[in-house]
Amino acid sequence: MSRRCELTGVGPMVGHNVSHSNIKTKRRFLPALAPATLVSEVLGQSFKLRITNAALRTLDFKGGLDPVIVKLKDENLSPRALKIKRQVKAKLAEKAAA
């Protein structure tokens, strides 16, 4: 499984380890991924996603999965998250029409 956040698309970055003698060697900075069970209030379901800790804090701050996933760009989302986004948008459009 790839080390990429399913909501924000954050992945590994490359940088240098710098020693005391200023010798630089390549290293990778991996994102802090955590498995999270997120509840969609609109759909009434829970989903398991691997997201970064920063994305989890953002979800708590913004008020849950539904308002955040609707505003995220499609390019950053994983296929599973994109499917959830389409379902949420359809359900919200259905509620607005009624």
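Structure: above.
Residues numbered from 1 in each chain as written. Predicted model: local features only at pLDDT ≥ 70, side-chain atom pairs only at ≥ 80, totals over all residues. Heavy atoms only, no water.

(A) Here's a closer look at the packing of aromatic side chains. Applying the stated criterion to the full structure yields 0 aromatic pairs. Of note, Arg-27 hangs over the ring of Phe-29, and the distance from its end group to the ring centre comes to 3.9 Å. (Phe/Tyr/Trp six-rings, centres within 6.5 Å; stacked < 30°, edge-to-face > 60°. Lys NZ or Arg CZ within 6 Å of the ring centre and 35° of its normal.)

(B) Up close: the pattern of salt bridges. If you walk through the whole model with that rule in mind, you get 2 salt bridges. Among the salt bridges present, the one from Lys-85 reaches Asp-74, with a minimum N-O distance of 2.7 Å. Of the two residues, Lys-85 sits in helix α3 (residues 79–97) while Asp-74 sits in the loop between α2 (65–71) and α3, which places them 11 residues apart along the sequence. On the basis of relative accessibility, which here comes to 40%, the residue Asp-74 falls in the partly exposed class. (Salt bridge = Lys/Arg side-chain N within 4 Å of Asp/Glu carboxyl O. Helix = DSSP H or I, 4+ residues; strand = E, 2+ residues; numbered from the N terminus. Buried < 20%, exposed > 50% of the residue type's maximum accessible area, 1.4 Å probe, protein only.)

(C) Highlighting the side chain of Asp-66. Secondary-structure assignment places Asp-66 in helix α2. One polar contact links the side chain of Asp-66 to the main-chain amide nitrogen of Glu-41, over a distance of 2.9 Å. Residue contacts for Asp-66: discarding those within four places in its chain leaves Ser-40, Glu-41, Val-42 and Val-88. (Polar contact = N/O pair within 3.5 Å; in protein donor to acceptor, adjacent residues only side chain to side chain. Contact = heavy atoms within 4.5 Å.)

(D) Spotlight on the environment of Leu-59. Locating Leu-59 in the fold gives a position in helix α1 (residues 53–62). For the pair Leu-59 and His-16, spaced 43 residues apart in the sequence, the C-alpha separation amounts to 31 Å. When neighbours within four sequence positions are excluded, Leu-59 is seen to be in contact with Leu-7, Leu-38, Ile-51, Gly-64, Leu-65 and Val-68.

(E) How the structure looks around the environment of Lys-26. In this fold, Lys-26 is placed in strand β2 (residues 24–29). On the basis of relative accessible area, Lys-26 is assigned to the exposed category, the value being 64%. Setting aside anything within four residues of it in sequence, one finds Lys-26 in contact with Val-14, Gly-15 and His-16.

(F) Molecular detail of the pairing of strand β3 (residues 33–40). Sheet analysis places β3 next to strand β4 (residues 45–52), joined by 8 bridges and oriented antiparallel. The residue bridging Leu-33 from the neighbouring strand is Thr-52, located in β4. From the end of β3 to the start of β4, which pair antiparallel, there are 4 residues, and Gly-44 there has a positive phi angle of about 70°. (Pairing = 2+ DSSP bridges.)

(G) View of the pairing of strand β1 (residues 13–18). Of the strand pairs in this sheet, β1 and β2 are connected by 6 bridges, and their pairing is antiparallel. Note on β2: the bridge partner recorded for Val-18 is Lys-24.

Geometry only, nothing functional implied.
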